[in-house]
Amino acid sequence: MKLFYSHASPYARCCRVLRLEKQLATQVEEVLVDPLQNPAELIVSNPLGKIPCLLLDDGDTLYDSTVINDYFNSLGQGPDLLAAHKTSWQVRKWQALSQGMLDVAVALRIEKTKPEPQQSGFWMERQRAALKRGLATLQADRALMPAEPGLLDLHMACMLAYLAFRHEDLNWQQDYDRLADWYRDISQRPSLVATEPK
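Residues numbered from 1 in each chain as written. Predicted model: local features only at pLDDT ≥ 70, side-chain atom pairs only at ≥ 80, totals over all residues. Heavy atoms only, no water.

(A) Layout of the overall build of the chain. For the chain, the helix and strand inventory stands at ten helices and four strands. Its helices and strands in sequence order give the chain the pattern β-α-β-α-β-β-α-α-α-α-α-α-α-α, from N to C terminus. Residue pairs in contact within the chain that sit at least 24 positions apart in sequence constitute 67% of those at least 6 positions apart. For the chain, the exposed area adds up to about 10,300 Å²; of that, 53% sits on carbon and sulfur atoms. Where the 22 positive side-chain charges of the chain centre and where its 25 negative ones centre are 3 Å apart. (Helix = DSSP H or I, 4+ residues; strand = E, 2+ residues; numbered from the N terminus. Contact = heavy atoms within 4.5 Å. Areas by Shrake-Rupley, 256 points an atom, 1.4 Å probe, with all protein chains shown as cover. Lys, Arg positive; Asp, Glu negative; His and termini not counted. Charge placed at Lys NZ, Arg CZ, Asp CG, Glu CD.)

Written out as structure tokens, the structure reads:
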């Protein structure tokens, strides 16, 4: 199998983390691509030309990150990283919040890369405000989340790392210190260290 990814994509990073957590490194080859260049192998595998995309051994493909993460969890070894999602609507809610924050953070990044006259101050401020509310909620609810690390924790770690990587101006680690303490601990997991964005 081949996993198409880029170093900066937080969606692809979460799949790369699960690839390691579920001990699939020897079964899944990582293929570094630049999706903006529309590489033929990626376009053939995913009509949207987006990453991550998983090319299966039989020639079929899977996308997007949610589907790939579910597949890796079902295929690999070790604990079921989706066990809490199967029994708790609250865990699913927090997962949706983390995913939504990641979507907002990527949209904000795209807006910031536009030429300044094309940037929308209204939308950028709205996105920053949404991220701050999300961070406050995650910090307040963190103690209620499952103690055993699962997909929720790994996804949150990838999302928070992306905020630090692309949105330093948010300075979230200073303003949400309890969440930052949790993040510093979990970010030492080998799967997260090995996939740090760059």
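(B) Quick peek at the pairing of strand E1 (residues 2–5). Where E1 lies against strand E2 (residues 29–32), four bridges are found, and the strand directions are parallel. Bridged to phenylalanine 4 within E2 is valine 31. The parallel pair E1 and E2 is bridged by helix H1 (residues 10–21), and the resulting crossover is right-handed. Here E1 runs beside strand E3 (residues 53–55); their pairing, made up of three bridges, is antiparallel. Counterpart to phenylalanine 4 in the pairing with E3 is cysteine 53. (Pairing = 2+ DSSP bridges. Right-handed = clockwise from strand over helix to strand, strands pointing away.)

(C) A look at the pattern of salt bridges. One pass over the structure, following the stated rule, counts eleven salt bridges. With a shortest N-O distance of 3.3 Å, glutamate 41 and lysine 2 are connected by a salt bridge. In this pair, glutamate 41 sits in helix H2 (residues 40–45) while lysine 2 sits in strand E1, placing the two residues 39 residues apart along the sequence. The exposure class of glutamate 41 is partly exposed, given its relative accessible area of 36%. Given the relative accessible area of 28%, lysine 2 is considered partly exposed. Ionic pairing is found between aspartate 169 and lysine 112, a salt bridge with its closest N-O pair at 3.2 Å. Taken together, the residues span a long stretch of sequence, with aspartate 169 in the loop between helix H7 (151–166) and helix H8 (172–175) and lysine 112 in helix H5 (residues 89–113) at a distance of 57 residues. On the basis of relative accessible area, aspartate 169 is assigned to the partly exposed category, the value being 48%. Overlapping salt bridges bring together Lys112, Glu125, Arg128 and Asp169 as one network. (Salt bridge = Lys/Arg side-chain N within 4 Å of Asp/Glu carboxyl O. Buried < 20%, exposed > 50% of the residue type's maximum accessible area, 1.4 Å probe, protein only.)

(D) View of the packing of aromatic side chains. Under the defined criterion, the tally for this structure stands at two aromatic pairs. Arranged with centres 5.2 Å apart and planes meeting at 80°, the rings of phenylalanine 122 and tryptophan 123 form a pair that is edge-to-face. Taking the centre distance of 5.5 Å and the plane angle of 75° together, the rings of tryptophan 172 and tyrosine 183 count as edge-to-face. On the criterion of sequence distance, the pair formed by tryptophan 172 in helix H8 and tyrosine 183 in helix H9 (residues 177–186) is long-range, its members being eleven residues apart. The pair tryptophan 172 / tyrosine 183 is uniform in exposure class, with both members buried. In this structure, arginine 92 is placed above the aromatic ring of tryptophan 89, and the distance from its NZ or CZ to the ring centre is 4.3 Å. (Phe/Tyr/Trp six-rings, centres within 6.5 Å; stacked < 30°, edge-to-face > 60°. Lys NZ or Arg CZ within 6 Å of the ring centre and 35° of its normal.)

(E) Seen up close, helix H6 (residues 121–141). Taking 1.5 Å of rise per residue, the 21 residues of H6 would be expected to cover 30 Å, and the 30 Å separating its terminal C-alpha atoms lies within 8% of that figure. Among the residues of H6, Met124, Gln127, Arg128, Leu131, Gly134, Leu135, Leu138, Gln139 and Asp141 are the ones counted as buried. Where the residues of H6 are buried, they touch H5, H7, H8 and H9. (Expected span 1.5 Å × (residues − 1).)

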